[in-house]
Amino acid sequence: MTTQTAITQQPKAARPPLRILLTILHLAALGVIGGAILGMLGGLLGAGLGLLFAFGVGVILLVGLVYALFGVGWFEVARVGALYRVPLAPLGLRSSGRPGFSGWLRSLGRQSIDGRMWRAIANFALACLGGAIVLRLFWSMIWSAIISFAPFSGESTVAGPFGSVIATAWAPLVGILGAAAAAAGIIGVALLHRVLSLAIVVPSREAELTERVRTTTAQREGAVRAADLERTRIERDLHDGVQPRLVSVGMTLGLAQQKIEDDPETAKALIAEAHTSTKAAITELRQLARGIHASVLDDRGLDAALSALAGRSHIPVNLDVRMDGRCSREAEAAVYFAIAESLTNAAKHSRASEARVTVRIREGNTLWARVEDNGMGGAQVQPGGGLDGIANRILAAGGTFRLDSPQGGPTSLEVNVPCAS
């Protein structure tokens with residue numbers, strides 16, 4: 001699940017003339033290109049609805065419309081934040097937290113009704129309208145400046161506004177007043193744009209708190225679910241793996257004890273078998289402990305922990321980790337166990353012959369990882385399964401999870417976790 005939060009703050013103090021000038025330039029640019037962009041969005045909507053039942057062409061156009069709207073909304077949020085120096089979180093694609101086609105459809109539906117995106121689009125449309133007004137006022141100011149010099153033309157009259165005719169003697173006064181009124185109108189539109197943008201795009205304190213509560217609730221549910229799945233996995237591994245092996249060791253030692261006087265050679269063989277089984281049980285316990293907590297992760301970081309993980313993998317792993325610094329322990333642990341579970345699935349279930357792991361710290365201080373294998377694909381999130389545990393662990397860390405595993409392969413898993421989670 002993708003979560004976006006923003007802190008509502010007043011814009012930092014800046015030189016008012018410069019800020020007004022930048023706002024006017026923004027509005028002028030939107031006045032030039034905004035109409036074309038809004039026309040394109042309207043055209044996509046009309047064509048999508050008109051061709052809705054024409055071999056699915058309309059559906060493709062409507063899907064494209066949702067992503068186009070997201071792009072416009074993302075641009076508007078970034079523009080307002082940069083223009084008025086307001087710390088706004090970038091607009092992000094909504095995620096259902098579920099993989100596969102059904103998860104994508106749910107994400108698309110959530111994105112199409114995302115209130116933050118629609119507020120940004122509404123502000124963009126108002127900015128385009130304001131830009132068109134600014135352009136008209138600018139040309140009015142130019143025209144007013146030109147007629148101020150009408151007395152030098154030698155004509156007795158000159159064309160005035162709204163089809164009127166004014167005497168040349170009055171032209172300088174009319175021109176000066178017209179230029180001043182147009183300039184005042186441009187500044188007024190710029191100030192109005194600032195007020196509307198901060199009211200529409202910047203979330204209110206109530207909306208911010210509501211979003212934080214929703215995010216915290218989702219993370220808590222993910223943490224509880226992940227802990228429950230982890231406990232179940234530990235119980236299963238102990239019950240199905242280590243416990244039977246230890247029981248077998250006890251029975252073997254009991255048989256050896258019975259035969260140690262009558263048949264020493266058989267007793268020695270049984271003791272050797274028990275010793276081998278004991279070492280295997282110790283190995284399983286060590287692996288189980290690594291699945292609970294990777295000490296190398298705390299001591300040497302994610303890069304070293306993944307190197308050790310790749311060295312223990314049953315299939316060759318091409319590891320590509322590039323990290324400048326370290327993230328929080330929670331973020332690194334979530335990504336580490338997601339990669340570990342993915343490599344385990346690739347070795348056990350997908351019949352893969354190799355895997356590739358890529359880890360980066362992306363812009364925005366986000367830890368990103370991708371695991372790919374060349375197996376047969378078809379991986380799905382099953383309740384209580386390993387992938388379900390990954391999804392809930394990533395969700396608890398405030399990140400996103402995406403699985404792409406078509407039948408026939410390949411399988412890829414991507415996770416994004418905030419470094420400060």
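Structure: see above.
These notes cover the structure that comes with them.

Rules and cut-offs
Residues numbered from 1 in each chain as written. Predicted model: local features only at pLDDT ≥ 70, side-chain atom pairs only at ≥ 80, totals over all residues. Heavy atoms only, no water. Core = buried A, V, L, I, M, F, W, Y, C linked by side-chain atoms within 4.5 Å. Buried < 20%, exposed > 50% of the residue type's maximum accessible area, 1.4 Å probe, protein only. Helix = DSSP H or I, 4+ residues; strand = E, 2+ residues; numbered from the N terminus. Contact = heavy atoms within 4.5 Å. Patch = residues over 30% accessible without salt bridge, like charges linked within 9 Å, V, L, I, M, F, W, Y side chains within 5 Å. Areas by Shrake-Rupley, 256 points an atom, 1.4 Å probe, with all protein chains shown as cover. Salt bridge = Lys/Arg side-chain N within 4 Å of Asp/Glu carboxyl O. Lys, Arg positive; Asp, Glu negative; His and termini not counted. Charge placed at Lys NZ, Arg CZ, Asp CG, Glu CD. Phe/Tyr/Trp six-rings, centres within 6.5 Å; stacked < 30°, edge-to-face > 60°. Pairing = 2+ DSSP bridges. Axes fitted to C-alpha atoms, helices over the stretch in contact; angles between N-to-C directions. Left-handed = near helix turned anticlockwise from the far one by under 90°. Nonpolar A, V, L, I, M, F, W, Y, C, P; charged D, E, K, R; others polar.

Next up on the list: the nonpolar core. Buried together is how nonpolar side chains tend to be arranged in soluble globular proteins. The biggest cluster of nonpolar side chains holds 38 residues, and the ones touching the most others in it are Leu306, Val335, Ile339, Leu343, Val359, Ile394 and Phe401. Looking at this core, the element that brings in the most residues is helix α10 (residues 329–348), giving 11 residues. Aside from chain neighbours lying at most four places away, what touches Leu306 is Leu319, Val321, Tyr336, Ile339 and Val359. Core analysis: the next-biggest nonpolar cluster, separate from the first, contains 28 residues, Leu69, Val72, Cys128 and Ile186 among them.

Where like charges cluster on the molecular surface, the negative patch consists of Glu261, Asp262, Asp263 and Glu265. Considering the arrangement of structural elements, one finds Asp263 in the loop between α6 (205–259) and α7 (264–292). Judged by its relative accessible area of 30%, Asp263 falls in the partly exposed class.

Within the chain, Arg85 stands out as a residue other than glycine whose phi angle is a positive 55°. Residue placement: Arg85 occurs in the loop between α2 (57–84) and α3 (100–112).

Time to look at the packing of aromatic side chains. Scanning the entire structure with this criterion turns up three aromatic pairs. With 5.1 Å between their ring centres and 80° between their planes, Tyr336 and Phe337 make a pair best called edge-to-face.

Here the focus is the pattern of salt bridges. Counted by the stated rule, this structure contains seven salt bridges. Two residues, Glu76 and Arg79, come together in a salt bridge whose shortest N-O distance is 2.6 Å. Taken together, the residues Glu76 and Arg79, both in helix α2 and three residues apart, mark about one turn of the helix. Taken individually, Glu76 and Arg79 each receive the classification buried, so the pair is uniform in this respect. When the shortest N-O distance is used, the salt bridge between Glu372 and Arg370 registers 3.3 Å. Under the relative-accessibility criterion, Arg370 is labelled buried at 19%.

For Ala132, the position within the fold is in helix α4 (residues 115–147). As for Ala132 and Ala29, which are separated by 103 residues in sequence, their C-alpha atoms are 9.3 Å apart.

What follows is about the pairing of strand β4 (residues 355–362). As paired elements, strand β3 (residues 317–322) and β4 share six bridges and run parallel to each other. When the sheet's bridge partners are listed, Arg322 is paired in β4 with Arg360. Relative to strand β5 (residues 366–373), β4 is paired through eight bridges, and the arrangement is antiparallel. Looking across to β5, one finds that Thr358 is bridged to Arg370.

What follows concerns the packing of α2 against helix α5 (residues 171–200). Relative orientation and spacing of two packed helices are given, respectively, by the angle between their axes and the distance between those axes. Relative orientation of the contacting elements α2 and α5 amounts to 115°, with a least axis distance of 11 Å. Crossing hand, α2 versus α5: left-handed. Contact residues: α2 offers Arg79, Val80, Leu83 and Tyr84, while α5 offers Ala190, His193, Arg194, Ser197 and Leu198. Its residues placed into classes, the contact of α2 with α5 shows five nonpolar, two polar and two charged.

Pairing in this open sheet of five strands is mixed, and the strands run β3-β4-β5-β7-β6 from one edge to the other. Looking at strand neighbours, the two that pair on one side only are β3 and β6 (400–404), the edges of this open sheet. Taken over all neighbouring pairs, the strand axes of this sheet differ in orientation by 10° on average, direction set aside. Two elements, β5 and strand β7 (residues 411–418), share eight bridges in a ladder whose sense is antiparallel. Its bridge partner being in β7, Leu367 is matched across the sheet by Val417. Lying over the sheet, helix α9 (residues 302–312) contacts β3, β4 and β5, oriented at roughly 180° with respect to β3. In the packing of α10 onto the sheet, the strands contacted are β3, β4, β5 and β7, and the crossing angle to β5 comes to about 5°.

That's the geometry; what it means functionally is another story.
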